[in-house]
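Understanding the architecture of this molecule
So you can see what is in the structure, the chains are spelled out below.
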Amino acid sequence: MSVIVIAFTTLDGFVSDPDGRGGTPGGGWMFRHGPEAVAGDKFRLGAALDEGVLLLGRTTWELFSQLWPHRDDPFSVRMNAARKLVATRTLTDVSAWANSQILTGDLVDAVKQEKRDVVVAGSLSVVRALMAEDLIDEYRLITFPTLLGTGDRLFPTDTPPVHLACESAEQTGPAVLARYRRAGR
């Protein structure tokens with residue numbers, strides 16, 4: 001079992017408002033290169049998506065539950081079929097997106113007890129909670145050639161040192177997908 005964080009990021013490390021839905025001044029940077037820059041399995045999830053579980057925070061789940069169920073391309077079919085856990089304190093109904101269930105109990109304990117690969121998409125608060133407990137095994141980052149200069153960073157400036165090994169890097173259109181794994185894991 002691995003905990004894999006997937007994220008779109010700018011060259012200067014910001015993850016804020018990649019699709020522009022947040023209405024921030026620099027928002028929408030992910031789509032400035034066209035929708036094909038993010039279409040399909042750009043994160044190369046493969047079996048981790050099919051056999052693992054997506055872990056989403058409430059905000060990300062609400063966004064995704066409006067987008068994915070209405071799509072029918074091959075990757076969307078896989079996203080819709082994937083098992084999903086929703087970390088939320090406020091939602092009571094997650095039936096809008098197939099195979100979703102509310103994570104009951106403590107987030108960290110649930111991740112520690114999970115037997116399948118856990119893929120965390122977006123959900124910066126979930127990522128930070130797992131970072132704080134040293135539970136993330138791998139980061140798959142698609143970095144776009146954009147400098148925002150402001151916003152939320154994936155790795156806060158007060159993050160303690162973490163040593164990663166770059167397992168692979170490849171250009172995916174205008175961006176670069178890099179896979180970083182914890183050294184020794």
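The structure under discussion appears in the preceding block.
The following paragraphs examine the structure supplied in this document. (Residues numbered from 1 in each chain as written. Predicted model: local features only at pLDDT ≥ 70, side-chain atom pairs only at ≥ 80, totals over all residues. Heavy atoms only, no water.)

**Remarks on helix α5 (residues 124–132)**
Residues spaced three or four apart along an α-helix point in a common direction, a consequence of the helix completing one turn every 3.6 residues. Inspection of α5 places V126, V127, L130 and M131 among the buried residues, and these make up the whole buried set. Down the axis of α5, the buried set is contained in an arc of 135°. They therefore lie on one face. Structural note: α5 exposes S125 and A132 on the side pointing more than 90 degrees away from its buried face. If you follow the buried residues of α5, they end up packed against β1 (3–10), β2 (53–57), β3 (83–87), α4 (107–113), β5 (118–121) and β6 (138–144). With its phi angle positive at about 60°, D134 sits one or two positions after the end of α5. (Buried < 20%, exposed > 50% of the residue type's maximum accessible area, 1.4 Å probe, protein only. Helix = DSSP H or I, 4+ residues; strand = E, 2+ residues; numbered from the N terminus. Arc of directions from axis to C-beta. Contact = heavy atoms within 4.5 Å.)

**Some points on the pairing of strand β8 (residues 175–182)**
Walk down a regular strand and you will see the side chains alternate between the two sheet faces. Relative to β8, β6 runs antiparallel, the two being bridged by six bridges. The partner of I142 across the bridge, within β8, is L177. Here strand β7 (residues 164–172) runs beside β8; their pairing, made up of eight bridges, is antiparallel. Bridged to C166 within β8 is Y180. Where β7 folds back onto β8 in an antiparallel hairpin, the turn is made up of two residues, including G173, whose phi is positive at roughly 70°. (Pairing = 2+ DSSP bridges.)

**Overview of the pairing of β2**
Of all five residues in β2, five are buried, a share of seventy percent or more. The alternating pattern of β2 places V53, L55 and G57 on one face and L54 and L56 on the opposite face, and all of these are buried.

**A short note on the environment of E167**
Mapped onto the elements of the fold, E167 is located in strand β7. Spatially, the C-alpha atoms of E167 and A82 are 25 Å apart, while their sequence positions differ by 85 residues.

**Considering the side chain of S16**
In this structure, S16 sits in the loop between β1 and α1 (47–51). There is a polar contact of 2.4 Å between the side chain of S16 and the backbone nitrogen of D152. Beyond its immediate sequence surroundings of up to four residues, S16 is in contact with W29, L148, G151 and D152. (Polar contact = N/O pair within 3.5 Å; in protein donor to acceptor, adjacent residues only side chain to side chain.)

By themselves these figures say nothing about function.
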